[in-house]
Amino acid sequence: MRENLVKQRLKNGQNCIGTMVRTHDPAVVEVLGYAGFDFVAIDTEHMTMNDESLVDLVRAAVLAGMPAIMRVRTKTPGEILRALDMGALGVIVPQIESAAEAQAAVRAAKFAPLGSRGMANSTRAARYGFLDLKEYARLSNEHTLVVIYCETLGALREIDEIIALEQVDVIFIGPTDLAQALGIPGEPDHPQVREAMETVTRKARAAGKAVGTVAADAERARALMAGGIQFIALSSDLAMIASQARRHLQALRS
């Protein structure tokens, strides 16, 4: 297995800037890697992609020299296993409602003795049988990044217990769903959301845990990093295409 440089950078207190991938074209992932992103977060929660497309996106990330982290469709063990067997170096697990659910996600992502992830040596992650199984288990447990979403009232209520879970690497705050949970849908910049984000960030950082979230642009990303957030999904491939298309057309027509 490849070393997960994102996980190492976060442990060292460094910032990591990635972006969400919502297209099916591996060339887009390669371009993002060559542009200098630290990671790509392949978004299967909100986009429809088949397994063949997902494997090709992970391969493209490897070619471009960056980790692929997969935002899984659901928090079920089967979805987490599927993503990691494809060779993703981590999972972003959505809609976590409690510390018990966060612990279950960790167990699904880790081999024994840290968890109960199913093991097979025929997977892409195990180099189709060319990796020794003991070494595969050790390396997987060491390098797999576990990112737990905080975007529900349940997660907010049990955030101290979630932060305390040793194998959770990043607490990822989802402001859009968090706004909805707080009864203010469509207002991710609402003061209540900002206050909740600041509270989670303060608690996580005090415990030595990395915090992540999304940023629409560089200005917002800089503000988030100044506030202690290390793991940032900056925009997305589709949003960047839309932004550049709009900018070019406006320049042409003005």
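**Some points on the overall build of the protein**
Inference 1: Looking only at helices and strands, one finds 12 helices and 8 strands in the protein.
Inference 2: Relative to a compact globule of 254 residues, whose C-alpha radius of gyration would be 18 Å, the protein shows 18 Å and is just as compact.
Inference 3: Counting only C-alpha atoms, the protein reaches 60 × 45 × 30 Å along its principal axes.
Inference 4: Across the 254 residues of the protein, 49% fall into the buried class.

**With respect to helix α10 (residues 191-206)**
What sets the pattern is the α-helix's 3.6 residues per turn: residues three or four places apart point alike.
Inference 1: For α10, built from 16 residues, the straight-helix expectation of 22 Å at 1.5 Å per residue is met to within 8% by its first-to-last C-alpha distance of 22 Å.
Inference 2: Directly after α10, the chain includes Gly 208, whose backbone phi takes a positive value near 80 degrees.

**As for the environment of Thr 152**
Inference 1: Relative to the helices and strands, Thr 152 is located in the loop between β5 (145-150) and α7 (153-157).
Inference 2: Thr 152 sits 57 residues away from Gln 95 along the chain, and the two C-alpha atoms are 6.5 Å apart.
Inference 3: Setting aside chain neighbours within four positions, we find Thr 152 in contact with Gln 95, Ile 96, Glu 97, Leu 178 and Ala 181.
Inference 4: There is a polar contact of 2.7 Å between the side chain of Thr 152 and the backbone oxygen of Ile 96.
Inference 5: For Thr 152, the side chain forms a polar contact with the side chain of Glu 97, separated by 3.4 Å.

**Things to note about the packing of aromatic side chains**
For any two aromatic rings, the description comes down to two numbers: the centre-to-centre distance and the angle of the planes.
Inference 1: Using the criterion set out here, one finds 4 aromatic pairs in the structure.
Inference 2: Judged by centre distance (4.4 Å) and plane angle (5 degrees), the rings of Phe 39 and Phe 231 are stacked. With Phe 39 in strand β2 (residues 39-43) and Phe 231 in strand β8 (residues 231-236), this pair connects stretches of sequence that are 192 residues apart. With respect to burial, Phe 39 and Phe 231 carry one shared label: buried.
Inference 3: Clustering of aromatic rings is evident, with ring pairs tying together Phe 39, Tyr 149, Phe 172 and Phe 231.

**Quick word on the sheet that holds strand β6 (residues 170-173)**
Sheet strands line up and pair through hydrogen bonds in the backbone, either parallel or antiparallel.
Inference 1: Pairing in this closed barrel of 8 strands is parallel, and the strands run β1-β2-β3-β4-β5-β6-β7-β8 around the ring. Here the average twist between neighbouring strands, direction ignored, is 25 degrees.
Inference 2: Note: β2 against strand β3 (residues 68-71), 4 bridges, orientation parallel. Pairing of Asp 43 across the sheet is with Arg 71, part of β3.

**Some points on the layout of surface pockets**
Gaps left between atoms are located by rolling a probe of water-molecule size over the structure's atoms.
Inference 1: Here the largest pocket is characterised by a volume of approximately 520 Å³.
Inference 2: Considering the residues around the largest pocket, the lining is formed by 25 residues, among which Pro 175, Thr 176, Val 214, Ala 215 and Ala 216 are closest to the centre.
Inference 3: Looking at the lining of the largest pocket, the elements with two or more residues in it are β6, α9 (175-181), α10, β7 (210-215) and β8.
Inference 4: For the lining of the largest pocket, the class distribution of residues is 12 nonpolar, 6 polar and 7 charged.

**Quick notes on the environment of Ala 216**
Inference 1: Mapped onto the fold, Ala 216 is located in the loop between β7 and α11 (218-226).
Inference 2: Ala 216 gets classed as exposed once you look at its relative accessible area, which sits at 64%.
Inference 3: In sequence terms Ala 216 and Leu 234 are 18 residues apart; their C-alpha atoms lie 6.0 Å from each other.

**Some details on the packing of helix α4 (residues 77-85) against helix α5 (residues 99-109)**
Inference 1: Close contact between α4 and α5 brings their axes to 9 Å; oriented N to C, the two are set at 40 degrees. On the basis of their axis angle, the class for α4 and α5 is oblique. At the point where α4 passes α5, the crossing takes the right-handed sense. Contacts between α4 and α5 involve Pro 77, Ile 80 and Leu 84 from the first element and Ala 105, Ala 108 and Ala 109 from the second.
Inference 2: Within the contact of α4 with α5, the residues separate by chemical class into 6 nonpolar, no polar and no charged.

**A few points about the side chain of Thr 123**
Inference 1: Structurally, Thr 123 can be placed in the loop between α5 and α6 (133-143).
Inference 2: A relative accessible area of 11% places Thr 123 in the buried class.
Inference 3: Dropping the residues within four chain positions of it, Thr 123 is found in contact with Asp 85, Tyr 128 and Tyr 136.

**Quick notes on the pairing of β3**
Inference 1: In β3, alternate side chains face the same way, and those of Ala 68 and Met 70 on one face and Ile 69 and Arg 71 on the other are all buried.
Inference 2: With helix α3 (residues 51-63) bridging β2 and the parallel β3, this β-α-β connection has right-handed handedness.
Inference 3: Two strands pair when backbone bridges link them, and β3 and strand β4 (residues 90-93) are joined in this way by 3 bridges, in the parallel orientation. Within β4, the position partnered with Met 70 by the bridge is Val 91.
Inference 4: Handedness of the crossover joining β3 and β4 through α4 is recorded here as right-handed.

Basis of the calculations
- Residues numbered from 1 in each chain as written.
- Predicted model: local features only at pLDDT ≥ 70, side-chain atom pairs only at ≥ 80, totals over all residues.
- Heavy atoms only, no water.
- Helix = DSSP H or I, 4+ residues; strand = E, 2+ residues; numbered from the N terminus.
- Rg over C-alpha atoms; globule rule 2.2 N^0.38 Å.
- Buried < 20%, exposed > 50% of the residue type's maximum accessible area, 1.4 Å probe, protein only.
- Expected span 1.5 Å × (residues − 1).
- Contact = heavy atoms within 4.5 Å.
- Polar contact = N/O pair within 3.5 Å; in protein donor to acceptor, adjacent residues only side chain to side chain.
- Phe/Tyr/Trp six-rings, centres within 6.5 Å; stacked < 30°, edge-to-face > 60°.
- Pairing = 2+ DSSP bridges.
- Axes fitted to C-alpha atoms, helices over the stretch in contact; angles between N-to-C directions.
- 1 Å grid on protein atoms, 1.4 Å probe; cavity = no way out; pocket = protein on both sides within 12 Å on 5 of 7 lines; lining within 4 Å.
- Points joined across faces, edges and corners; volume = space filled by probe spheres on them.
- Nonpolar A, V, L, I, M, F, W, Y, C, P; charged D, E, K, R; others polar.
- Parallel < 35°, antiparallel > 145°, perpendicular 65-115°, else oblique.
- Left-handed = near helix turned anticlockwise from the far one by under 90°.
- Right-handed = clockwise from strand over helix to strand, strands pointing away.

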